[in-house]
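In case you want the letters, here they are:
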Amino acid sequence: MTPISANLQAVKTRMAAAARAAGRPAESITLLAVSKTFDTARIRECHAAGQRAFGENYVQEALGKIAALADCDMAWHMIGPIQSNKTRAIAEHFQWVHSVERDKIALRLNASRPADLPPLNICIQVNVSGETSKSGIGPGMEIALADVISNLPRLRLRGLMAVPEPTSDTTLRRQRFAQLREMHENLMARGHALDTLSMGMSDDMEEAIAEGATMVRIGTAIFGART
Ligand SMILES: *Cc1c(COP(=O)(O)O)cnc(C)c1O
């Protein structure tokens, strides 16, 4: 096995063990391979090992990779902070955006989504850790943003995403993920048909899966350390 396929297998084993411990089916959790900073040869290797969903943080870097890998059957997820002058490129080239935190960005993505493509899948990013993390909408504010997005025909609201502050305190990790799950449940109770809770990375996927993650975003554990 190549290192990436071995890493991919190890990640899937961790996901399955976490799912089992939580009494959840392993198939209820999707693996998003976060390929930022890694070149197309590594991404191709990961694709050859069976991976189909890839996450990128920087639009310019991602566009080059998406073009170079156009022959591969892949879904691209934008997971990094979004500048408004990049919304057209995102709407044209990605299938998912996890990092929507402002009305203005949602409106621009909706306006730019090409008519011949299906609606763009959207997660609202929430800042569950408060002021220590800069990205994401404040807790409570996701309700109004979800209403805005649900009324945009070229967007499809799928759920919530969060990147809690790094901590070795596993109890705190679980609290942050539980907070996001509760917000997700609250939105569903308000009538939003959601199916995606995007939470958990290489170091904390177990806690995220225990709290209901349906998509984990894994970089380091698949591709190795970023330089
Ligand atoms: C880089 C990144 C990841 C992956 O982090 P790892 O710790 O390398 O698994 C996940 N989500 C977001 C938003 C990221 O920026």
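The rules we used
Every residue gets a number counted from 1 within its own chain, in the order that chain's sequence is written. Selection of residues for local features in this predicted model requires a pLDDT of at least 70, selection of side-chain atom pairs for listing and counting requires 80 or more, and totals for whole chains, interfaces and linings are taken over all residues. Values shown for side chains rest on all heavy atoms present in the structure; no hydrogens or waters enter the calculation. In this analysis, rings of Phe, Tyr and Trp, with Trp reduced to its six-membered ring, are considered paired at centre separations within 6.5 Å, and the interplanar angle assigns stacked below 30 degrees, edge-to-face beyond 60, and tilted for intermediate values. In DSSP terms, a helix is any run of H or I states spanning at least four residues, a strand is any run of E spanning at least two, and both are numbered starting from the N terminus. The cut-offs for exposure are 20% and 50% of the maximum accessible area for each residue type, with area from a 1.4 Å probe on protein chains only; residues under the lower value are buried, those over the upper are exposed, and the others partly exposed. Think of it this way: one heavy atom of a residue within 4 Å of a molecule or strand is enough to make that residue near it. Within 3.5 Å is the distance limit for a polar contact, defined as a pair of N or O atoms, with the added protein rule that one can donate a hydrogen and the other accept it, and that residues adjacent in sequence qualify only through two side-chain atoms. Residue burial considers only the protein chains on display, and all accessible areas are found by Shrake-Rupley using a 1.4 Å probe. Nonpolar residues are Ala, Val, Leu, Ile, Met, Phe, Trp, Tyr, Cys and Pro. Charged residues are Asp, Glu, Lys and Arg, and all others, Gly as well, are polar. To qualify as a nonpolar core, a set must consist of buried Ala, Val, Leu, Ile, Met, Phe, Trp, Tyr and Cys residues joined through side-chain atoms within 4.5 Å. Salt bridge, as used here: a side-chain nitrogen of Lys or Arg that lies within 4 Å of a carboxyl oxygen of Asp or Glu. Given a helix with a known number of residues, its expected span is that number minus one, times 1.5 Å. It only takes one pair of heavy atoms within 4.5 Å for two residues to be counted as in contact.

J.: Explain the packing of aromatic side chains residue by residue, including any values.
T.: For any two aromatic rings, the description comes down to two numbers: the centre-to-centre distance and the angle of the planes. One pass over the structure, following the stated rule, counts two aromatic pairs. The interplanar angle of 20 degrees and the centroid separation of 5.1 Å between the aromatic rings of F38 and F223 together place this pair among those described as stacked. With a gap of 185 residues between them, F38 in the loop between strand 1 (30-34) and helix 2 (40-48) and F223 in helix 9 (residues 220-223) connect regions that are remote in the sequence. For F38, a relative accessible area of 11% corresponds to the buried category. Each ring, one from F54 and one from W76, has its centre 5.8 Å from the other, and the planes form 35 degrees; the classification is tilted.

J.: I'd like a rundown of the site of the ligand, residues and numbers included.
T.: Around the ligand, a shell composed of V34, K36, N57, I79, V163, M201, S202, R217, I218, G219, T220 and R226 is seen. A distance of 2.5 Å separates an oxygen atom of the ligand from a polar atom in the side chain of T220. The separation between an oxygen atom of the ligand and a polar side-chain atom of R226 is 2.8 Å. About the coverage of the ligand: the protein hides 89% of its 390 Å² of free accessible area. Here the residues of the shell around the ligand are counted per class, giving five nonpolar, four polar and three charged.

J.: Break down the nonpolar core for me, citing the residues and quoting the values.
T.: Among the nonpolar cores identified, the biggest contains 61 residues, and L109 and I222 are the most heavily contacted of them. For this core, the leading source of residues is helix 1 (residues 3-21), giving six residues. A53, W96, C123 and M161 belong to the second largest nonpolar core, which has eight residues in total.

J.: For the pattern of salt bridges, give the residues involved together with the corresponding values.
T.: Applying the stated criterion to the full structure yields 13 salt bridges. Note that D73 is salt-bridged to R52, the shortest N-O span being 3.7 Å. Taken together, the positions of D73 in the loop between helix 3 (59-68) and strand 3 (75-78) and R52 in the loop between helix 2 and strand 2 (53-56) put the pair 21 residues apart, joining distant regions of the chain. According to the relative accessible area criterion, D73 is exposed, its value standing at 57%. R52 gets classed as partly exposed once you look at its relative accessible area, which sits at 34%.

J.: Give a description of helix 7 (residues 170-189) that names residues and reports values.
T.: The periodicity of an α-helix, 3.6 residues per turn, causes residues three or four positions apart to be oriented the same way. Between its first and last C-alpha atoms helix 7 spans 28 Å; for 20 residues at 1.5 Å apiece the expected length is 28 Å, and the two agree. Of all the positions in helix 7, only R173, R176, F177, A178, L180, M183, H184 and L187 are classed as buried. In this structure, the buried side of helix 7 is in contact with helix 6 (142-150), strand 6 (155-161), strand 7 (196-198) and helix 8 (205-210). Between a side-chain oxygen at the N-terminus of helix 7 and the backbone nitrogen of T171 the separation is 3.0 Å; the capping residue is D169. In the stretch just after helix 7, G191 is the one whose phi turns positive, near 105 degrees.

J.: Report on the side chain of N57, specifying residues and quantitative values.
T.: Relative to the elements of secondary structure, N57 occurs in the loop between strand 2 and helix 3. Taking relative accessible area as the criterion, N57 reaches 13% and is therefore assigned buried. N57 has contacts with V34, K36, M78, I79, G80 and P81, leaving out every residue within four places of it along the chain.

Interpretation note: all reported values are geometric properties and have no functional meaning in isolation.
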